[in-house]
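Chain and residue survey
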Amino acid sequence: MNNSNYAALLLAAGIAFSLLSGQAGAQLEEVIVTAQKREENVQSIPIAVTALSEATLRNANMLNLDDVARHVPGFTVTNYNPVTPQPFIRGVGSSPSDAGSDASVGVFIDGVYAGRAGGYRADMYDIQRVEVLRGPQGTLFGRNVAGGALNILSNAPTDEYAGDIEVTGGDYGLWGVKGMLNGPLTDQLAARLAFAVRQRDGYTDNTVTGSELQDEDNKSVRGRLRWELSERVTAKLIADYVKDDLQGPAARSYTGDPADALGSVGLAALVPFVLPSSSDPFKIEADIDGRAKREMYSATLQLDWETPLGTVSSVSGFRHNDFDYYDDVFGLAFDPASPLEPLLTDKTEEESDQFSQELRITSAADQLVWTAGLYYLDQDVDQLETFSPLGFPVSYDQRADTTSYAVFAQGTLPFGEHWAVTAGGRYSYDERDFKLDTQGFDIGFGLLTPDPANPDAGAMPFSASDDDSWSKFTPKLSLEYTPNDDIFSYITWSQGYKSGGYNGVATNQTAATTPFDEETVNNYEIGVKTDFLNDRMRLNVAAFYMDYEDLQVFVSSFESTVGLLVDNAGEADIYGVEAEFFYAPNDRLDLTATYAWLDADIGDNEIGTVEEGNSLTRSPEHSASAAIQYRLPLANLGDLLLRADYAWQDKIYFDPENYELSAQDAYGLLHLRAALQAHSGWELALWMKNATDEDYWVHAFDSSFGSDLASSAIQGAPQTWGVTGRYSW
């Protein structure tokens, strides 16, 4: 029986059971979000947004953004390795992680933009809510949110003494501990401290070195203070620290005939030394294990001042991110007895510092509701990336200093009895200074190429520097119609913008000093949010068309052998429909489902390897999820909570060239959890992830130098299970 049948049976069984048991009268909870920089009901704002509460995160055993994505329509997360996640919303995202480029999906943690890809994929703990805003959010969230935004909010301190401790154990040597303490320190000062530790052995074996790869080793701590300075002024201070130390997180399996792949680029002499590739997806052949290490810390200070005009907020944020990883790129090993070095390795070290400041005012008026503000960001990134083909290193020492300024405003004005109009805009100015120094000797892998300005000099190391600036006004206009308390509809036109940048692994001086252009998008969207059956059923639907210009894509150039760059793909047309369904037929049963249809194609472009009509990367045409949660009362003991989550996605490509061998076919994942929740504060849960042991990839790429003869892929997690005990007071 396939996974679709499993999900269908679970849904059918849950619905039938609900009709035979339980009590009517349950209502769906009101969901409050801050998607427009103020607290509002998610059912009354003109944005396609999914909000996942702390209870949902815990009951569905969501540990990171990968898990979140499976419960949000149109949202996909893949990982080159854990320190370089790749979020995509509605087919828009970014793959590169060099110093000269940015993401197309913005991640905001407690109101502060996390500018680097490695700065946010960590174990989620003590989280109040995760909001996923789909579509351009250029007015209020600003830079690099052309595809959408993630708004992650941690729990704030309260004036009550409380705490919890959680311990987890499972297969593959899994163990973890989470904890939280909260309470008042004085009449005006409250504090909250949370921590998480999680370790697990690897589930992939390297047959060459004998090591276990794709393990977990994460440590996190967060502290929060809330200080009531006066009746009108509140200060909130947040500080956190995260450390990861992982072995072989990018372990890659190799698919294809090495003789064909290597022979196509003149490397047939290496074929006799290649070790056979295992057919077991959790056994790989690699000359090195690889690693990923990350250390990051941040501090946020928010001051809120209540005035007769509205709330004046100052949000100051500092973020530091330090990571390095070392990968065997292809997952293709040579006989240890041979003198050959690995075919290609990638070693990257990065250190980044970011300071941001936002000053805004949010109105207190009942009729005209508005927000206005100023924004500033300064980010410094130093990255050293070294590719070593057959032991001959070529390094790219990159430095990018980015400064961004913005002014923004948005307001909503009701007119008539049922209508309102929302209008806003943001002016952004970004400037970037970029430097690149290369060293090494190219042996024909295209890591250094002749400069078009001086082709006779051949491929040689170079030093280059350049600076450029980009600016854009991004407006938004929405018309809203609310015929009654149960129906909210809207039609929106909005623009998004992502600044241009530089290629951090440019192979000659001209390429290094030629920036790629900014990308812009016009989004046309119509949506309806509805509640039925006395607030027991909810259906939200959004349909959209996104018209991209100068879409930035990550492509491979194989004029020699290897070349990675960001280029503007010209136009892209994206059509889609998204739906979310929630139903509480009684006070014991909750049903949820999501669906997304996406038609995302690259238009006319001047990239030689990308054909018009190719699908955008990580853009499944169809994707869906369903969840059943049933609460069985156990007299005076407590409740038995049973939950099943199923997520399915259609075929995706990992590259704009749409190579077939590295494409991920359609697949689905089933997660199960049963928890005994005692009235006394105890909870004991048994859970299983990927219950049907589905094979799938979290990242893949063509490893035959553009011939579509071989692929290298990172395997997703197999079936895992564990037990979690928790006590709250």
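Shown above is the structure to which this text applies.
Residues numbered from 1 in each chain as written. Predicted model: local features only at pLDDT ≥ 70, side-chain atom pairs only at ≥ 80, totals over all residues. Heavy atoms only, no water.

1. Thoughts on unusual backbone geometry
- The phi dihedral of lysine 37 is positive, around 65°, even though this residue is not glycine.
- Given a relative accessible area of 13%, lysine 37 falls into the buried group.
- With phi around 50°, alanine 635 is a residue other than glycine that occupies positive phi space.
- In this fold, alanine 635 is placed in the loop between strand 34 (622-634) and strand 35 (638-649). (Buried < 20%, exposed > 50% of the residue type's maximum accessible area, 1.4 Å probe, protein only. Helix = DSSP H or I, 4+ residues; strand = E, 2+ residues; numbered from the N terminus.)

2. Here we look at the nonpolar core
- Counting 35 residues, the largest nonpolar core has Leu262, Leu270, Phe330, Leu332, Leu343, Tyr396 and Leu436 as its most contacted members.
- Elements with a contribution of two residues or more to this core: helix 4 (258-263), strand 23 (369-388), strand 24 (394-415), strand 25 (419-440) and strand 26 (463-484).
- Among the elements that take part in this core, strand 24 stands out by supplying three residues, more than any other.
- Not counting residues up to four positions away in its chain, the partners in contact with tyrosine 396 are Gln383, Leu384, Glu385, Phe387, Leu436, Asp437, Thr438, Leu447, Gly504, Val505, Ala506 and Thr507. (Core = buried A, V, L, I, M, F, W, Y, C linked by side-chain atoms within 4.5 Å. Contact = heavy atoms within 4.5 Å.)

3. Digging into the sheet that holds strand 6 (residues 92-93)
- Strands sit in the order 4-5-6 across an open sheet of three strands; the sheet is antiparallel. Among the strands making up the open sheet, the edge pair consists of strand 4 (75-79) and strand 6.
- The pairing of strand 4 with strand 5 (residues 85-89) spans five bridges and is classified as antiparallel. In the strand pairing of strand 5, threonine 76 is matched with phenylalanine 88. (Pairing = 2+ DSSP bridges.)

4. Quick look at the pairing of strand 40 (residues 720-728)
- As defined by bridge partners, strand 11 (residues 162-170) adjoins strand 40 across seven bridges and the pair is classed as antiparallel. Counterpart to valine 167 in the pairing with strand 40 is glycine 725.
- For strand 37 (residues 682-689) and strand 40, the ladder comprises eight bridges, and the chain directions are antiparallel. The partner of tryptophan 687 across the bridge, within strand 40, is glycine 722.

5. Topic: the sheet that holds strand 8 (residues 112-113)
- Pairing is mixed in the open sheet, where five strands are placed in the order 3-9-10-7-8. Lying at the two open borders of the sheet, with one neighbouring strand each, are strand 3 (48-53) and strand 8.
- Across six bridges, the pairing between strand 3 and strand 9 (residues 127-134) is antiparallel. Directly across from alanine 51, in strand 9, lies its bridge partner glutamate 131.

6. So, the packing of aromatic side chains
- Per the stated rule, a full pass over the model turns up 21 aromatic pairs.
- Both rings, one in tyrosine 203 and one in phenylalanine 282, keep their centres 5.8 Å apart while their planes meet at 85°; by these two values the pair is edge-to-face. You can see tyrosine 203 sitting in the loop between strand 13 (189-200) and strand 14 (204-206) and its partner phenylalanine 282 sitting in the loop between helix 4 and strand 19 (283-284), a full 79 residues away along the chain.
- On the accessibility criterion, phenylalanine 282 (13% relative accessible area) is buried.
- Considering the side-chain rings of phenylalanine 323 and tyrosine 325, the 6.0 Å spacing of their centres and the 5° angle between planes classify their relative orientation as stacked. (Phe/Tyr/Trp six-rings, centres within 6.5 Å; stacked < 30°, edge-to-face > 60°.)

7. Notes on a negative patch on the surface
- On the surface, a cluster of negative charge is contributed by Asp517, Glu549, Asp550, Glu571, Asp604 and Glu612.
- Mapped onto the fold, aspartate 604 is located in the loop between strand 33 (589-602) and strand 34. (Patch = residues over 30% accessible without salt bridge, like charges linked within 9 Å, V, L, I, M, F, W, Y side chains within 5 Å. Areas by Shrake-Rupley, 256 points an atom, 1.4 Å probe, with all protein chains shown as cover. Salt bridge = Lys/Arg side-chain N within 4 Å of Asp/Glu carboxyl O. Lys, Arg positive; Asp, Glu negative; His and termini not counted. Charge placed at Lys NZ, Arg CZ, Asp CG, Glu CD.)

8. Points about the layout of surface pockets
- Taken as a whole, the largest pocket encloses approximately 1,200 Å³ of empty space.
- If you trace the largest pocket, you find 47 residues lining it, with Glu29, Ser53, Ala55, Thr56 and Asp590 closest to the centre.
- Broken down by secondary-structure element, the contributors of at least two residues to the lining of the largest pocket are strand 3, helix 2 (54-59), strand 29 (537-549), strand 32 (571-583), strand 33, strand 34 and strand 35.
- With six residues, strand 34 is the single largest residue contributor to the lining of the largest pocket. (1 Å grid on protein atoms, 1.4 Å probe; cavity = no way out; pocket = protein on both sides within 12 Å on 5 of 7 lines; lining within 4 Å. Points joined across faces, edges and corners; volume = space filled by probe spheres on them.)

9. Re the side chain of serine 711
- Here serine 711 shows up in strand 39 (residues 710-715).
- Of note is the side chain of serine 711, whose polar atom sits 3.2 Å from the backbone oxygen of leucine 661.
- Setting aside its immediate chain neighbours within four residues, serine 711 contacts Ser253, Tyr254, Thr255, Leu661, Ser662, Trp697, Phe701 and Ser703. (Polar contact = N/O pair within 3.5 Å; in protein donor to acceptor, adjacent residues only side chain to side chain.)

10. Comments concerning the pattern of salt bridges
- Across all of its chains, the model carries 34 salt bridges by this definition.
- Salt-bridge contacts for arginine 90 lead to glutamate 525; the nearest nitrogen and oxygen are separated by 3.1 Å. Of the two residues, arginine 90 is situated in the loop between strand 5 and strand 6 and glutamate 525 in strand 28 (residues 519-532); the sequence distance between them amounts to 435 residues. As far as burial versus exposure is concerned, arginine 90 and glutamate 525 are alike and both buried.
- Note that glutamate 216 and arginine 198 form a salt bridge whose closest N and O atoms lie 3.1 Å from each other. Of the two residues, glutamate 216 sits in strand 16 (residues 216-228) while arginine 198 sits in strand 13, which places them 18 residues apart along the sequence.
- Given a relative accessible area of 25%, glutamate 216 falls into the partly exposed group.
- Judged by relative accessible area, which is 11%, arginine 198 ranks as buried.
- Where salt bridges share partners, they join Arg90, Arg134, Glu525, Glu578 and Glu580 into one cluster.

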